[in-house]
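Working through the structure, step by step
What follows is each chain in one-letter form.
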Amino acid sequence: MDIVTRPRILVVGAGFAGVGCVRRLERKLAAAEADVTLVTPFAYQLYLPLLPQVASGVLTPQSIALSLRRSKKYRTRIIPGGAIGVDLKSKVCVIRTITDEIVNEPYDYIVLAPGSVTRTFDIPGLTDHAFGMKTLAEAAYIRDHVITQLDLADASNDPAERAARLQFVVVGGGYAGTETAACLQLLTHNAVKRYPRLDPRLIKWHLIDIAPKLMPELGDKLGRSAQEVLRRRGIEVSLGVSIAKAGPQEVTFTDGRVVPTHTLIWTAGVVASPLIATLGAETVRGRLSVTSHMDLPGHDGVFALGDAAAVPDEAKGEEGAVCPPTAQHAMRQAKVAADNVIAHLRGQSTRPYAHKDLGLVVDLGGTDAVSKPLGIELRGLPAQAVARGYHWAALRTGVAKARVLTNWTLNAVAGDDFVRTGFQARRPAKLKDFEYTDTYLTPEQVRAQVEGGRPEAAG
């Protein structure tokens, strides 16, 4: 007797792109049409744009971590682990589970949405001494670390150590870096009032970027407005400057300055997940080269989207233009990708992705913000209302909306709190400890695993 199995759809990644795709597949596919599986090390979707507000304590970590197991109505099977290789020929995804077991997961259709990791360079001491701002754990850890520096400075009788503890360096003049510097500076500004032994003038924040402009996507006027807000608060903005080397107690800038500090936060861009390199397929600046329909040419049933895919930007109308790695595009690509998977499964025609950018919002903490919705430039409270309104509306669940709104209201009424949770009691953890970029396989190791061997982990 013939056994008919349902098509297997495997979605890799639980970011905006992956979760959005899974939820649409669940809504539009009948239960008997296909089996849907999601691979993710964490059973939640992280609302990444609000991460700086977690680092500053305005929001609690669970308020922007949207649980994938909360609702009973979803039928997707979740594999707790990370995809470390894909064999396109055999249609097998190699997964390292959270129990450190390597398993092969066969598929008929695969949707690659593994997102991105922090972009680093070969700078001496960078990965050993810098913090990242890409994961929930990093944001919570940085908050603890910053408050710890105030406590340690308050406890120290050494003027040099005290000054070093109270200097903070953020690298990256994009949205993540600018918002991180702005939100954390506000935290230390408010916290130091509770430390009568500390001179507030000793607290110094540095925001540096190798680019000549701060957040160039905003345009010259809004970029200058944001820069003026930061400088008014005492944040020293240095453009055309990066890091030459990093140590445990000081950072050397490329312009020769040496800044004594115990806090280096690196937010200088992202690159596609190392998973993409395991496919052996064509890439564009590290992102998988796909068509505007988000399928991989020459490979049936393979789709990719989000930060890890170079999806042509049809709305721009420029040859070679690809969609930027933003949440706005990832959320909308998810719907089209899911529809295209379903269309392919049903033998129907697929459609291209096209979306005109709705604008940009930058929350600088407090009542400061700059926004450019639909090309309209806003500053101050109106910009803040637009920024928070956009983020609030984009949260996927009612529970998340309620938590975030409650946190914002409580912070506005009661102000910041300065509680350390105790992360610093254990060994220090830096950028290299959070993103596990050394766990991926080479294409040869993927092939060996699929063919039955057990490859050694890539270094």
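What you are looking at is a predicted structure, and each value in this text was computed from that prediction instead of being measured. (Residues numbered from 1 in each chain as written. Predicted model: local features only at pLDDT ≥ 70, side-chain atom pairs only at ≥ 80, totals over all residues. Heavy atoms only, no water.)

**Here we look at the environment of L25**
Summarising the element assignment, L25 is placed in helix 1 (residues 16-28). When the C-alpha positions of L25 and A163 are compared, they lie 54 Å apart, and in sequence the two are 138 residues distant. Here L25 is in contact with I9, V11, V36, R75, A338, V341 and I342, once residues within four sequence places are set aside. (Helix = DSSP H or I, 4+ residues; strand = E, 2+ residues; numbered from the N terminus. Contact = heavy atoms within 4.5 Å.)

**A short note on the nonpolar core**
With 120 residues, the main nonpolar core has L25, I64, V86, I110 and L112 as its most contacted residues. With sequence-adjacent residues up to four places away left out, V86 is seen in contact with V92, C93, Y107, I110, L112, L275, T278, L279 and V446. Counting 16 residues, the second largest nonpolar core, distinct from the first, contains V171, V241, A246 and L431. (Core = buried A, V, L, I, M, F, W, Y, C linked by side-chain atoms within 4.5 Å. Buried < 20%, exposed > 50% of the residue type's maximum accessible area, 1.4 Å probe, protein only.)

**Some remarks on the UniProt feature "domain: FAD/NAD(P)-binding" (unreviewed entry) in the protein chain**
This chain's UniProt record puts "domain: FAD/NAD(P)-binding" (unreviewed entry) on residues 8-334. End C-alpha to end C-alpha, residues 8-334 measures 18 Å, and it is 27% helix and 28% strand. (UniProt positions renumbered as here; feature names shortened; annotations may be inferred.)

**Notes on the packing of aromatic side chains**
Enumeration according to the criterion identifies five aromatic pairs in this entry. When the ring of F42 is compared with that of Y44, the centres are 5.6 Å apart and the planes differ by 25 degrees; the resulting orientation is stacked. With a relative accessible area of 47%, F42 lands in the partly exposed category. Between the aromatic rings of F131 and Y141, the centroid separation amounts to 5.8 Å while the plane-to-plane angle is 40 degrees, which identifies the pairing as tilted. Taken together, the residues F131 in the loop between helix 3 (126-129) and helix 4 (136-155) and Y141 in helix 4 connect sequence positions 10 residues apart. With relative accessibility at 2%, the residue F131 sits in the buried group. Judged by its relative accessible area of 6%, Y141 falls in the buried class. (Phe/Tyr/Trp six-rings, centres within 6.5 Å; stacked < 30°, edge-to-face > 60°.)

**Here's the deal with the pairing of strand 23 (residues 369-373)**
In this sheet, strand 23 lies alongside strand 22 (residues 359-363) in antiparallel orientation, the contact comprising five bridges. Note on strand 23: the bridge partner recorded for G359 is P373. A loop of five residues connects strand 22 with strand 23, the two strands running antiparallel in sequence, and G365 in this loop sits at a positive phi of about 85 degrees. Note: strand 23 against strand 24 (residues 378-379), two bridges, orientation antiparallel. Across the sheet, residue S371 finds its bridge partner in strand 24, namely L378. Taken together, strand 23 and the strand that follows it, strand 24, pair antiparallel across an intervening segment of four residues, in which L374 is found at a positive phi of about 55 degrees. (Pairing = 2+ DSSP bridges.)

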